[in-house]
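Examining the three-dimensional arrangement
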Amino acid sequence: MICWLVALTGLIASCGSGSKRINKRVTLWRTDKIPYGTYYAYEQLEHLFPDASVLINKRSPDRYKTFSLKNKEEEEEAYNNYDDQKTNYIIITNQVIPDDDEIAALLGMVARGQHVFISALRISETLLDSLHLKTAFYTSAYNTDDSLTVSVQHPVSGDSQSYTYPGYALDNYFVEVDSSITSILGKDKNGRPNFVQFNYEGGGSLYIHLAPITFSNFFLLHKNNKTYYDNVLSYLPKNSDVVRWDEYFRYHTKGNDNGSGGKGKGLFGAGSWLSKQPGFAMALPLLLILMLIIYLFESKRKQRIIPVIQPLKNASVDFVKTIGRLYFQRHDNKNLAQKMIVHFQDHVRSRYGIRASLNDPEFEKRLAWKTGYDVNALKDLLYFMNMLQDDYSVSDEALLELNRKLEHFYKHA
């Protein structure tokens with residue numbers, strides 16, 4: 001009762017009408033209390049099978065070992081007495097794609113009297129072919145309706161009852177069933193089989209179910225849908241010793257094993273799917289050769305790095321600076337000021353095409369117009385140069401002031 005209230009609280013929190021939106025992730029994970037988790041279904045196993053130990057399976061069926069949620073002694077007992085136990089093996093996930101060895105192990109379990117229940121949207125074609133089954137969808141193009149209706153026969157009375165909910169459909173159905181070896185236990189809203197049973201002479205049974213979303217919290221907590229869960233899993237014997245909830249096929253498909261229980265074939269390993277494709281085996285060496293040729297040609301075509309060529313220095317400027325330093329060191333300020341003024345006139349004539357005449361008012365206007373230089377500053381500069389030309393000698397301070405005014409003009413004109 002407590003776990004039901006916890007799951008219901010989590011579902012209401014996810015689906016509430018406030019600012020929170022419904023979590024639409026379809027995880028089918030036993031610890032998830034979101035709408036499409038399977039927390040409620042997993043917690044109800046102890047009530048449905050009260051005398052059984054509920055264990056978590058994390059290994060491939062052909063390398064069987066379980067991990068108990070209770071204690072180590074129970075785990076060792078389950079491992080050592082594996083063949084003697086009455087076991088219900090439950091697999092609920094989006095897809096179950098076992099390799100050939102795992103299929104043989106699953107069918108071997110059933111042949112020894114154990115019971116295997118598989119609920120998934122997509123199931124290995126190899127396994128389905130061995131059971132003379134064929135489903136409507138094998139890729140990811142499943143039913144995407146926004147509601148689901150399913151029905152199941154009561155395990156005792158045989159009466160069929162329908163159940164529905166307003167969430168994701170995400171179901172599949174069988175298009176081919178061998179009625180001579182198959183019992184149909186459930187159907188979809190259109191009357192097509194989606195839940196079948198196979199009985200074996202050794203007393204075991206195999207169940208294939210194509211609507212795993214019916215084990216989600218959302219579906220089971222909607223109205224009276226918990227009865228659907230009870231009826232479906234009631235086909236498994238209640239007097240079982242062990243119920244194994246599988247987590248191996250949640251992460252492992254054919255040719256995909258990370259070492260936590262499978263055989264580590266990988267994508268390109270010796271037993272992988274790609275290694276068994278003759279076309280791929282022939283194309284791979286050609287692809288590698290082509291990549292090598294492209295590399296060799298591209299490496300030759302690539303141009304060496306172009307060195308950075310420094311721009312030529314203005315030697316005349318350096319010469320003027322050198323001569324200026326020489327005159328300044330000799331304290332020939334008058335001569336140096338005269339050469340600075342001549343350099344200014346030459347600069348104006350060569351750059352702006354104006355014949356420089358310091359005493360001509362028209363020169364002042366034309367230069368200000370062409371350079372955009374401040375008129376008052378230009379007038380001050382020309383006046384200062386005229387004054388220095390008239391003076392008998394030029395002091396250090398006056399020479400530095402002339403240099404400051406000229407540098408300002410060269411920078412802003």
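Below you will find a few notes about this structure. (Residues numbered from 1 in each chain as written. Predicted model: local features only at pLDDT ≥ 70, side-chain atom pairs only at ≥ 80, totals over all residues. Heavy atoms only, no water.)

It is worth spelling out the overall build of the chain at this point. Summing up its helical and strand segments, the chain has 15 helices and 14 strands in all. Buried positions account for 42% of the 413 residues belonging to the chain. A fraction of 64% describes how many contacts in the chain between residues 6 or more apart in sequence connect residues 24 or more apart. For the chain, the accessible surface area stands at approximately 23600 Å², while carbon and sulfur atoms represent 54% of it. (Helix = DSSP H or I, 4+ residues; strand = E, 2+ residues; numbered from the N terminus. Buried < 20%, exposed > 50% of the residue type's maximum accessible area, 1.4 Å probe, protein only. Contact = heavy atoms within 4.5 Å. Areas by Shrake-Rupley, 256 points an atom, 1.4 Å probe, with all protein chains shown as cover.)

Taken as a whole, this structure holds 19 aromatic pairs when the rule is applied. Ring plane angle 40° and centroid distance 6.4 Å describe the contact between Phe117 and Tyr207, whose orientation is recorded as tilted. Placement of the pair is Phe117 in strand E5 (residues 115-119) and Tyr207 in strand E13 (residues 205-209), with a sequence separation of 90 residues. Using a relative accessible area of 0% as the deciding quantity, one classes Phe117 as buried. (Phe/Tyr/Trp six-rings, centres within 6.5 Å; stacked < 30°, edge-to-face > 60°.)

A positive phi angle is found at Leu28, which is not glycine, with a value near 55°. Assignment of secondary structure puts Leu28 in the loop between helix H1 (2-15) and helix H2 (39-43). Non-glycine residue His132 carries a positive phi angle of around 60°. Among the secondary structure elements, His132 is positioned in the loop between helix H6 (125-130) and strand E7 (134-135).

Taking 1.5 Å of rise per residue, the 20 residues of helix H12 (residues 333-352) would be expected to cover 28 Å, and the 28 Å separating its terminal C-alpha atoms lies within 8% of that figure. The complete set of buried residues in H12 reads Asn333, Leu336, Ala337, Met340, Ile341, Phe344, Gln345, His347, Val348 and Tyr352. Looking one or two places after H12, you find Gly353, whose phi comes out positive at around 65°. (Expected span 1.5 Å × (residues − 1).)

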